Amino acid sequence: MIGFTRPPCDAGIIRATPAAPAALSRRHKRMTLAATILGSSMAFIDGSVVNIALPAIQQALQADAASTRWIVNAYLLLLGALVLVGGSAADLYGRRRIFLVGIAIFTAASIACGLSPDITVLVVSRAVQGLGAALLIPASLAMLGATFDDHERSHAIGTWAGVGALTAAAGPVLGGWLVDQVSWRAIFLLNVPLAVAAAGLAVFFVGESHDEKAKPLDWKGAVAVAIGLAAITWGLGAIPASGFQDKAVLGALGAGIAFLILFVAIEARSRERAMMPLSLYRSRNFSATNTVTLLLYFALGGVMYFLPFGLIRLGGYSATQAGAALLPFALIMGFGASFAGAVSDRFGPRLSLTTGPIIAACGLALLAFADLGKSYWVGVFPAIGVLAIGVTITVPPLTSTVMASVGEAHAGVASGVNNAVARVAGLFAVAALGALLFASFSHHLAGTPPAHANEALNAVLAGRADVTGGATAAFDRALRTVMLVTALCAALAGVAGWVWIRPIGSEATP
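Residues numbered from 1 in each chain as written. Predicted model: local features only at pLDDT ≥ 70, side-chain atom pairs only at ≥ 80, totals over all residues. Heavy atoms only, no water.

Draft legend 1. Looking closely at the overall build of the chain. A tally of helices and strands in the chain yields 18 helices and 0 strands. What you see for the chain is a C-alpha radius of gyration of 22 Å, in line with the 24 Å of a compact globule of 510 residues. With the C-alpha coordinates of the chain rotated into their principal frame, the extents come out at 70 × 50 × 45 Å. For the chain, the residues scored as buried account for 57% of the 510 residues in total. Sequence separation of at least 24 residues holds for 86% of the intrachain contacts in the chain that already meet a minimum separation of 6. Roughly 19500 Å² of accessible area belongs to the chain as shown, and the carbon and sulfur atoms make up 67% of that amount. In the chain, 31 positive and 23 negative side-chain charges are present, and the distance between their average locations comes to 3 Å. (Helix = DSSP H or I, 4+ residues; strand = E, 2+ residues; numbered from the N terminus. Rg over C-alpha atoms; globule rule 2.2 N^0.38 Å. Buried < 20%, exposed > 50% of the residue type's maximum accessible area, 1.4 Å probe, protein only. Contact = heavy atoms within 4.5 Å. Areas by Shrake-Rupley, 256 points an atom, 1.4 Å probe, with all protein chains shown as cover. Lys, Arg positive; Asp, Glu negative; His and termini not counted. Charge placed at Lys NZ, Arg CZ, Asp CG, Glu CD.)

Draft legend 2. Up close: a nonpolar patch on the surface. Together, Leu174, Trp177, Val182 and Leu190 give the surface a local cluster of nonpolar side chains, amounting to about 360 Å² of exposed area. The topology assignment puts leucine 190 in the loop between helix H7 (186–189) and helix H8 (191–205). (Patch = residues over 30% accessible without salt bridge, like charges linked within 9 Å, V, L, I, M, F, W, Y side chains within 5 Å. Salt bridge = Lys/Arg side-chain N within 4 Å of Asp/Glu carboxyl O.)

Draft legend 3. Highlighting the packing of helix H16 (residues 411–444) against helix H17 (residues 450–462). Put simply, H16 and H17 touch, their axes get as near as 10 Å, and they point 110 degrees apart. Taken together, H16 and H17 sit at an angle that is classed as roughly perpendicular. In this structure, H16 crosses over H17, and the sense of that crossing is right-handed. In contact with Leu437, Phe438, Phe441 and Ser442 of H16, H17 contributes Pro450, Ala453, Asn454, Ala456 and Leu457. (Axes fitted to C-alpha atoms, helices over the stretch in contact; angles between N-to-C directions. Parallel < 35°, antiparallel > 145°, perpendicular 65-115°, else oblique. Left-handed = near helix turned anticlockwise from the far one by under 90°.)

Draft legend 4. Region of interest: the packing of aromatic side chains. For the structure shown, the criterion picks out 7 aromatic pairs. Through successive ring pairs, a cluster of aromatic residues spans Tyr305, Phe306 and Phe309. Above the face of the phenylalanine 347 ring, arginine 346 is positioned so that its terminal group lies 5.0 Å from the ring centre. Directly above the ring of tryptophan 498 sits arginine 350, whose terminal nitrogen or CZ lies 3.7 Å from the centroid. (Phe/Tyr/Trp six-rings, centres within 6.5 Å; stacked < 30°, edge-to-face > 60°. Lys NZ or Arg CZ within 6 Å of the ring centre and 35° of its normal.)

Draft legend 5. View of unusual backbone geometry. For glutamine 62, which is not glycine, the phi dihedral falls at a positive 50 degrees. The exposure class assigned to glutamine 62 is exposed, which follows from its relative accessible area of 74%.

Draft legend 6. How the structure looks around empty space enclosed by the protein. All chains considered together, the criterion is met by 4 cavities of 30 Å³ or more. Here the largest cavity is characterised by a volume of approximately 80 Å³. Along its surface, the largest cavity is lined by Ile45, Asp46, Val49, Val50, Gly171, Leu174, Gly175, Leu178, Ile187, Leu190 and Asn191. Elements represented by at least two residues in the lining of the largest cavity include exactly helix H2 (26–61) and helix H6 (150–181). In the lining of the largest cavity, the residues fall into 7 nonpolar, 3 polar and 1 charged. Volume-wise, the second largest cavity comes out at about 70 Å³. (1 Å grid on protein atoms, 1.4 Å probe; cavity = no way out; pocket = protein on both sides within 12 Å on 5 of 7 lines; lining within 4 Å. Points joined across faces, edges and corners; volume = space filled by probe spheres on them. Nonpolar A, V, L, I, M, F, W, Y, C, P; charged D, E, K, R; others polar.)

Interpretation note: all reported values are geometric properties and have no functional meaning in isolation.
Set out below in structure tokens:
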């Protein structure tokens, strides 16, 4: 996932799924709710906990910075590229069936991650995990929507969201404790009992449902976007070792852009059968909200990847303390969402989608100037609190505006597209900001050849004993640069919200 918050439109997908006509007992509905909570929470916890464990993983497997980034990017790449296909597969072949297939793939990959002997096996296993999550997550959301009718759905979503908030709060702390007291491998093996419980509930209590109007799977579009994203991510990740002017780097970036253009061409030709219908972008608000999502979740993806390294390597935090340091973010998000939604309903989404990202930008700017080595309550806590308030203000109106911008008939597809945008934003953030971190680090190690600078950065991130004071100072400055860039992106999201968003109902739907 993207840091420690769910993508914005998960609840929108649930609301947009028509309830199945088959009547289920109250017990079966409760067990279905439990199965979906376990399934989606398993994927969510895994995505957030891995960020806390990355410094320990890099140190244990003696991996370099580029390989370590692929632990996150391999997962986000498959998830972001295939989540829309996964949703279509659930509608076409059966939500429970695809949910169980996704759990099986995700669990097998989790075991492989936990037993990985080296970084290569771990990265490949994380990619397979992303494939499983791309099936598991949309199927669980649609399964929940199909189980509860309009009268029961709000309560079910409230329960699902409440438990999600608790897992968001507890996950990083639990993961950090496991890293410190057991092993980083335990964070992956923890998925196994959760998966067994979710699968058992699904087999015995969940009814099967389909969408009679489901579209054929858009495999051409999925392959094109996956190759494009992979090529760009690899090219950005190779810059520290090879340089921007390297032919392989330029070739990868060029190929990635070409495949993304091909993806757009495929979607345009497929029209309404496309997994991302381009007709949705005729809506001004849909285009605007996706721009806000891309910029804000780029900022979140970057800060939630690099901040744990800063807390652990510069601030001397343990993994448990680093997880606990982010606890206020999850708590504010969990308890403040309903209030933020009410404010948006009262004053309109434009105000929230402007002020929210700008407040988040202020929190990120505070992080850029915080001294991670001093008291948490003076340095990190205020910044995390301000960031969380900004994101909390933004997410509820983001969801409602996406759904309202395209009309009821397209609300499910629009929510899925917005979720995919959020995940792709996190993917690009880790890759692009990794290159920026190295460029800034090299600049502050003046006179050091790129190869030696790359080795010095790897030593800092891995926590090696031979790290020099100059390298540590250069990493501190580079991390501040990254935080400032994320602040700029969040601020641009606020500007986009102010300039682009129109009052709901003032534009025609596609």
